[in-house]
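In case you want the letters, here they are:
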Amino acid sequence: MILKRSLLLPLSVFLVAALTLLVTVLLLVPEPQQNQSRVPIGGPFRLTSHEGKPFTEADLKGKPFAVFFGFTHCPEVCPTTLYDLTQDLQALGPDADKLNVAFITVDPARDTPELLKSYLSSFDPRIVGLTGTEEEIAAVAKEYKVYFRKVPTDGDYTMDHTATIFLMDSKGDFYGTSNFQESDEVRRSKLQQLVKNG
Amino acid sequence: MTSSSSAGALVAAALLAVSTPALAHVTFETARAAPNATYKGVLRIPHGCNGQPTLKVQVRIPEGVIDARPMPKAGWTLETARAPYAKTYRQHGEPVSEGVTGITWSGSLEDGHYDEFVFQARITDAFAAGSTVHFPVVQTCANGTEEWTQIPAAEQDPHSLSHPAPGVTLVAAPGASASATAGSLAIEQPWSRATPPGAKVGGGYLRITNKGQEPDRLVGGSFPLAGRVEMHEMSLDGTVMRMKPVQGGLAIEPGRTLEFKPGGYHLMFMDLKEPLRAGQTHKGTLVFEKAGTVEVEYAVRPMGAQGAAEHKHH
Ligand SMILES: [Cu+2]
């Protein structure tokens with residue numbers, strides 16, 4: 001039994017690794033990486049973190065990073081994406097520390113630093129929440145080509161917004177994208193690639 | 001309630017009541033509601049007063065009914081009267097001691113026309129199951145009024161009254177009677193998702209199948225930890241996630257299933273009072289045009305959940 005197990009484990013580790021590599025190659029290769037010429041997505045910004053401190057693109061650069069725009073009055077995509085990213089950071093293990101992750105609100109009127117702080121307490125503590133003035137949010141959304149718009153409901157409003165996860169390299173240049181519809185496997189291999197090459 | 005009826009108008013109204021007893025009364029479209037739940041009242045005004053157009057429709061919200069919210073109406077101006085309640089009630093764990101006690105729509109409705117006036121309110125547990133809640137209504141015309149304000153005494157047949165106030169009878173929904181109240185609607189797997197602290201909204205998902213012969217329409221609902229429940233439609237437009245309120249409810253044709261699920265329709269729990277936690281169950285209601293108010297129990301699933309049962313999407 002013990003002998004069998006000691007052989008099985010390395011074998012299965014090898015098989016999983018080989019399969020992961022195959023999946024990664026199959027999924028990532030057909031998508032051309034646009035690294036050669038700089039894609040005009042991303043750029044400098046000036047925001048406030050969920051700790052209430054000033055936060056700029058300089059605080060993200062130095063490591064590759066993932067940026068996602070959303071809002072807390074969001075029933076589905078925003079908490080689900082933050083949940084997925086939390087699982088991803090755990091799955092990345094020590095590599096997760098080589099990555100920054102930011103959640104930028106498109107609803108600064110309601111998403112104060114305090115609210116972001118309590119909201120993000122459900123997720124990986126490495127995810128930073130960012131808010132700002134209406135102008136600051138409009139400016140960073142423009143940098144990332146992110147669309148957002150208020151939609152009135154009964155005496156209230158909700159937001160339409162671009163749900164892309166932007167993957168940026170350590171210099172703050174565009175590296176690729178992911179989104180909440182991708183499987184965990186695809187998203188994680190993209191994040192692994194980003195850690196390695198970004 | 002202000003009723004500016006001269007002695008002459010009163011006589012005229014009395015004569016009218018005697019001479020034309022066949023005229024339809026002002027009634028609610030749905031005359032049944034779940035106890036201690038939000039009720040959507042659709043008042044049906046079948047005619048004017050003595051051949052004249054109706055210029056004003058006033059509803060008095062009785063004691064024990066709280067959080068009344070009128071629906072604005074195109075071409076009509078809306079006024080509400082607020083006053084302290086006689087008693088203090090609790091809503092979402094918080095004391096409520098005042099609110100809307102009267103609603104007035106002002107506009108014009110031809111005598112020969114029919115119209116509906118809509119409001120929503122919470123009928124508190126001040127009214128027991130089996131009792132009837134009366135909402136006195138006054139129709140004001142250029143010359144006089146129609147006062148639908150008579151409340152039957154105990155044991156009195158409301159049909160013996162010439163101008164009964166429209167009433168809603170409370171029908172207990174749980175257990176065996178739930179399916180009776182739901183009629184031919186089968187409601188499956190209501191679930192919600194855990195929310196982060198501070199989140200003001202949550203999503204509700206379920207499937208409703210119409211096994212009957214008649215179409216019905218989901219028009220609203222309630223959730224104990226939410227200020228109100230809206231129906232929303234979500235869609236992915238390229239990379240943009242869009243969400244918009246559904247106007248006028250959702251029809252369920254015979255033999256069809258209406259599905260609320262991630263990425264499509266959802267019930268949106270607005271103004272959450274506290275976070276939803278995985279493992280909890282919460283009783284809410286759904287309000288249908290024909291089947292009335294139906295109790296549903298939502299199971300709260302973990303934050304990563306994409307369905308009522310355990311399986312990961314894709
Ligand atoms: Cu919604």
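Residues numbered from 1 in each chain as written. Chains lettered and ligands numbered in written order. Predicted model: local features only at pLDDT ≥ 70, side-chain atom pairs only at ≥ 80, totals over all residues. Heavy atoms only, no water.

Asks: Tell me about the overall build of chain A, and please be specific about residues and values.
Replies: Of the regular secondary structure elements, chain A holds five helices and nine strands. Element order for chain A, N to C, with α for helix and β for strand: α-β-β-β-α-β-α-β-α-β-β-β-β-α. The buried share of chain A, taken over its 198 residues, is 52%. Summarising the internal contacts of chain A: among those between residues at least 6 apart in sequence, 71% fall at separations of at least 24. Counting only carbon and sulfur atoms, one obtains 61% of the accessible surface of chain A, whose full area is about 9,800 Å². (Helix = DSSP H or I, 4+ residues; strand = E, 2+ residues; numbered from the N terminus. Buried < 20%, exposed > 50% of the residue type's maximum accessible area, 1.4 Å probe, protein only. Contact = heavy atoms within 4.5 Å. Areas by Shrake-Rupley, 256 points an atom, 1.4 Å probe, with all protein chains shown as cover.)

Asks: Account for the packing of helix α2 (residues 77-92) of chain A against helix α5 (residues 184-197) of chain A, naming residues and giving values.
Replies: Residue and element names in this part refer to chain A. It is the contact of α2 with α5, at a shortest axis distance of 10 Å, that shows an interaxial angle of 60°. What the angle tells us is that α2 and α5 run oblique. Handedness of the crossing formed by α2 with α5: right-handed. Contacts from Asp 84, Leu 85, Gln 87, Asp 88, Ala 91 and Leu 92 in α2 reach Asp 184, Arg 187, Arg 188, Leu 191 and Gln 192 in α5. Grouping the amino acids of the contact of α2 with α5 by side-chain chemistry returns four nonpolar, two polar and five charged. (Axes fitted to C-alpha atoms, helices over the stretch in contact; angles between N-to-C directions. Parallel < 35°, antiparallel > 145°, perpendicular 65-115°, else oblique. Left-handed = near helix turned anticlockwise from the far one by under 90°. Nonpolar A, V, L, I, M, F, W, Y, C, P; charged D, E, K, R; others polar.)

Asks: Hey, could you go over the side chain of Arg 301 of chain B for me, with residue numbers and the actual values?
Replies: Locating Arg 301 of chain B in the fold gives a position in strand β22 (residues 292-301). A polar side-chain atom of Arg 301 of chain B sits 3.1 Å from the main-chain carbonyl oxygen of Gly 307 of chain B. (Polar contact = N/O pair within 3.5 Å; in protein donor to acceptor, adjacent residues only side chain to side chain.)

Asks: Could you give an account of the interface of chain B and chain A, with specific residues and numbers?
Replies: Across the contact, 33 residues belong to chain B and 33 residues belong to chain A. Buried surface at the junction of chain B and chain A, both sides included, amounts to about 2,600 Å², of which 58% is carbon and sulfur. The largest contributions to the chain B side of the interface with chain A come from Met 241, Met 243 and Met 303 of chain B, which together make up 19% of the buried area. Between the two partners, chain B and chain A, sit two salt bridges. Linking Asp 160 of chain A and Arg 242 of chain B is a salt bridge whose minimum nitrogen-to-oxygen distance equals 3.1 Å. Summed over the shared surface of chain B and chain A, the number is nine residue pairs in polar contact (both at pLDDT 80 or more). (Buried area = accessible area lost by both parts, 1.4 Å probe. Salt bridge = Lys/Arg side-chain N within 4 Å of Asp/Glu carboxyl O.)

Asks: Which residues make up the sheet that holds strand β8 (residues 115-123) of chain B, and what are the values?
Replies: All names here are of chain B. The strand order across the open sheet built from four strands is β1-β3-β8-β5, with neighbouring strands paired in antiparallel fashion. Edge strands, defined here as strands with exactly one partner in the open sheet, are β1 (27-28) and β5 (65-70). Where β5 and β8 come together, four bridges link them in antiparallel fashion. In the strand pairing of β8, Val 65 is matched with Ile 123. (Pairing = 2+ DSSP bridges.)

Asks: Outline the state of the cysteines, listing residues and values.
Replies: Residue and element names in this part refer to chain A. With the rule as written, the count across this model stands at two disulfides over all chains. A disulfide bridge connects Cys 74 with Cys 78, and the sulfur atoms are separated by 2.3 Å. Torsion about the S-S bond of the Cys 74 and Cys 78 cystine: about 85°, corresponding to right-handed handedness. Both residues of the pair, Cys 74 and Cys 78, count as buried. (Disulfide = S-S within 2.5 Å.)

Asks: With reference to specific residues and values, describe the packing of aromatic side chains.
Replies: Counted under the stated rule, the structure contains 17 aromatic pairs over all chains. Each ring, one from Phe 260 of chain B and one from Tyr 265 of chain B, has its centre 6.1 Å from the other, and the planes form 55°; the classification is tilted. The class for Phe 260 of chain B is buried, based on a relative accessible area of 2%. Within the aromatic cluster, the residues linked to one another by ring pairs are Phe 28, Tyr 39, Phe 119 and Phe 135 of chain B. The side chain of Arg 110 of chain A reaches across the aromatic face of Tyr 157 of chain A, ending 3.7 Å from its centre. (Phe/Tyr/Trp six-rings, centres within 6.5 Å; stacked < 30°, edge-to-face > 60°. Lys NZ or Arg CZ within 6 Å of the ring centre and 35° of its normal.)

Asks: Give a description of the coordination of the copper ion that names residues and reports values.
Replies: Residue and element names in this part refer to chain B. Coordination of the copper ion by the protein involves His 232 (ND1), Met 243 (SD), His 266 (NE2) and Met 268 (SD), with metal-donor separations of 2.1 to 2.3 Å. One can describe the donor arrangement at the copper ion as tetrahedral, given that its four donor atoms subtend angles of 97 to 122° at the metal. The sequence pattern describing where the donors of the copper ion fall on their chain is H-x10-M-x22-H-x1-M. Of this pair, Met 243 sits in strand β17 (residues 240-245) while Met 268 sits in strand β20 (residues 265-270), placing them 25 residues apart in sequence. Each member of the pair Met 243 and Met 268 is classed as buried. (Donors = N, O, S within 2.8 Å, 3.2 Å for Na, K, Ca; no water. Tetrahedral: all angles 85-135°; square planar, octahedral: opposite > 155°, others 65-115°.)

Asks: Go over unusual backbone geometry with me, naming the residues and quoting the values.
Replies: Located in the positive-phi region is Lys 145 of chain A, a residue other than glycine, with phi close to 55°. By secondary structure assignment, the location of Lys 145 of chain A is in the loop between α4 (134-143) and β6 (148-153). A positive phi angle, close to 50°, is found at Asn 50 of chain B, a residue other than glycine.

Asks: Kindly report on helix α3 (residues 113-120) of chain A, identifying the contributing residues and their values.
Replies: Structural remark: α-helix, 3.6 residues per turn; residues separated by three or four positions point the same way. Residue and element names in this part refer to chain A. Of all the positions in α3, only Pro 113, Leu 115, Leu 116, Tyr 119 and Leu 120 are classed as buried. Down the axis of α3, the buried set is contained in an arc of 160°. They therefore lie on one face. Looking at the packing, one finds that the buried side of α3 touches β1 (46-49), α2, β4 (100-105) and β5 (127-131). (Arc of directions from axis to C-beta.)

Asks: Account for the nonpolar core, naming residues and giving values.
Replies: Counting residues in hydrophobic clusters, the biggest one holds 86 residues, and the most contacted among them are Tyr 144 of chain A together with Ile 208 of chain B. The element contributing the most residues to this core is α2 of chain A, with six residues. Residues contacting Tyr 144 of chain A, with those up to four places away along its chain left out, are Ile 41, Gly 42, Gly 43, Phe 65, Val 67, Phe 69, Phe 166 and Met 168 of chain A. If you look at the next biggest cluster of nonpolar residues, it comprises 27 residues, including Phe 117, Phe 135, Val 168 and Leu 170 of chain B. (Core = buried A, V, L, I, M, F, W, Y, C linked by side-chain atoms within 4.5 Å.)

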